[in-house]
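# A structural walkthrough
Spelled out from the first residue to the last, the chains are:
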Amino acid sequence: MNRKILAATAAAITGAGLLTAIALTPSANAGQEAASADQTQSDVLAAMARDLKISPEQAKLRLASEQRAAVADSTLKRQLGTSYAGSWLDSSGTTLTVAVTDAAQADLVRAAGATPKTVARSAADLDAAKLRLDAKSTKAPKTVPGWYTDIVTNSVVVLANAGGEAAAKSWAAESGVRADLLRIEASTEQPRALIDIIGGNAYTFGSGRCSIGFAVDGGFVTAGHCGTTGTRTSNPSGSVAGSSFPGNDYAWVRADAGNTPRALVNRYPGTVPVAGSTEAALNSSVCRSGSTTGWHCGTILQKNASVTYPEGTITGLTRTNACAEPGDSGGSWISGDQAQGVTSGGSGNCTSGGTTYFQPISEILSVYNLRLTVSGGGPTSTTRPTTTTTPTGPTTSNPPGGTWAPYTYYGSGATATYGGSNYRVIQPHTSMPGWEPPNVPALWELA
């Protein structure tokens, strides 16, 4: 766009306020700028191309144009001072407009390669009006999902769900925002927090708080005493899809859309990856993450332990000498990068020390047919024996050799067949692929 066209445009609308549009056309050093944009990470360009429905080359050019716009805006914001009223790019990302309250500043804006538009209120005026709304946020009607300054229309916008327009307007007036500054805009938004699901982080249910165990496809696992089936959760939002307590102490939460399962456990600070769920041996080191006391470690003392709480007895737990406190319940237990289980309960605290029990992860995954979210690829499978129906009734298709199956808990004295032989459990455990009875004499003996 040349300056004669810009001048004609400005003259045509001076009665309504100065408006000029200057396209951010490539400059003499466009090649250098394009080369710089070429170095932008390929995944960013691919995402832009996908979501903005443009080609990768157009994405590169848009980034270069936006970089020029950012420099121009930063310079003008400093030079214009109290006259600055905000800026915006057009939908293509190639034309920058800068709003000013003083038309005499138009040439300064043009000289920076941007576009002046004369408006009534500065950015500071709009921000001050919004601050009035922020100060009354606890009084906002439930039909108001949000509010913001709108630089393009030089106003403050209050969003209102259907039927809530009058309440929104009344609330804004009570907050002290002038009517000439305000726009009420109809909205269908129902915002909620979108959260990365990471082991050890807190979540809430009703009036309680517990910790996330591990991310799984569709949500996360935690302790059963941290919510009965159907209980709604917050941060992340979701619903308890299955829960068992007492007897067992495990549950899984189906997270609402937008919350992202991550193959991580919080280490406070930092995180550790989750690569699988191979069960650690007795006396192995194990670390726990929880939202009350953070990251603490100990060793595995016993497996297949039973403990009696006031609510009843829990069986099949692993006993440790790592400490925990209320609110850590449901949190992650990990050995190296292998998930072990979720915190159930115990005694003592993290000042004087204590004994803590966790519910093994393999049983939870197996019972609810879940897949653990792991690093370096897709989730781990919880393949279980399949059942088919024959003319004589249902039969189970077991792994080669007999009744032994992976991802199955075998308690003390349990028996199974494999490879034509009968085996008896020596050490209670949850079976894993590779732990077939003849391969692990520490766990099985010939019956």
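Let us look at the structure shown here.

### Examining the sheet that holds strand S13 (residues 232-234)
Strand order in the open sheet formed by 7 strands is S10-S9-S13-S14-S15-S12-S11, and the pairing between neighbours is antiparallel. Bordering the open sheet on either side are strand S10 (208-211) and strand S11 (214-216), each of which pairs with just one other strand. Each strand of the sheet is rotated relative to its neighbour by a mean of 35 degrees, with strand direction disregarded. Sheet topology places strand S12 (residues 219-222) next to strand S15 (residues 250-255); 4 bridges connect them, and they run antiparallel. Counted as the bridge partner of Phe220 is Val253 from S15. Strands S11, S12, strand S14 (238-244) and S15 of the sheet are contacted by helix H8 (residues 361-368), whose axis makes an angle of about 60 degrees with S15.

### Some remarks on the side chain of Thr356
As for its placement among the helices and strands, Thr356 is situated in strand S23 (residues 353-360). Reaching out from Thr356, the side chain makes a polar contact with the backbone oxygen of Ala322 at a distance of 2.6 Å. Those residues in contact with Thr356 that lie beyond four places of it in its chain are Thr318, Arg319, Thr320, Ala322, Cys323, Ala324, Trp333, Thr343, Gly345 and Gly346.

### Concerning the pattern of salt bridges
Scanning all chains against the criterion turns up 13 salt bridges. A salt bridge links Arg232 to Asp256; the nearest nitrogen and oxygen atoms lie 2.7 Å apart. Residue Arg232 is located in strand S13, and its partner Asp256 is located in the loop between S15 and strand S16 (260-266); the two are separated by 24 residues in the primary sequence. On the basis of relative accessibility, which here comes to 22%, the residue Asp256 falls in the partly exposed class. Linked by salt bridges that have partners in common, Arg121, Arg178 and Asp180 make up one network.

### Re the state of the cysteines
Applying the stated criterion across every chain, the model contains 3 disulfides. For Cys210, the disulfide goes to Cys226, at an S-S distance of 2.0 Å. As the torsion about the S-S bond is roughly -75 degrees, the Cys210-Cys226 disulfide counts as left-handed. Here Cys210 is found in strand S10, whereas its partner Cys226 is found in the loop between S12 and S13, with 16 residues between them in sequence. Per residue, the accessibility class of Cys210 equals that of Cys226, and both read buried. The disulfide partner of Cys323 is Cys350, and the S-S distance across this bridge is 2.1 Å. Here the S-S torsion is close to 100 degrees, and the disulfide linking Cys323 with Cys350 is therefore right-handed. Of this pair, Cys323 sits in the loop between strand S20 (312-320) and strand S21 (332-335) while Cys350 sits in the loop between strand S22 (338-349) and S23, and the two are 27 residues apart along the sequence. Judged by its relative accessible area of 10%, Cys323 falls in the buried class. Its relative accessible area of 23% is what places Cys350 among the partly exposed residues.

About the criteria used
Residues numbered from 1 in each chain as written. Predicted model: local features only at pLDDT ≥ 70, side-chain atom pairs only at ≥ 80, totals over all residues. Heavy atoms only, no water. Pairing = 2+ DSSP bridges. Helix = DSSP H or I, 4+ residues; strand = E, 2+ residues; numbered from the N terminus. Axes fitted to C-alpha atoms, helices over the stretch in contact; angles between N-to-C directions. Contact = heavy atoms within 4.5 Å. Polar contact = N/O pair within 3.5 Å; in protein donor to acceptor, adjacent residues only side chain to side chain. Salt bridge = Lys/Arg side-chain N within 4 Å of Asp/Glu carboxyl O. Buried < 20%, exposed > 50% of the residue type's maximum accessible area, 1.4 Å probe, protein only. Disulfide = S-S within 2.5 Å.

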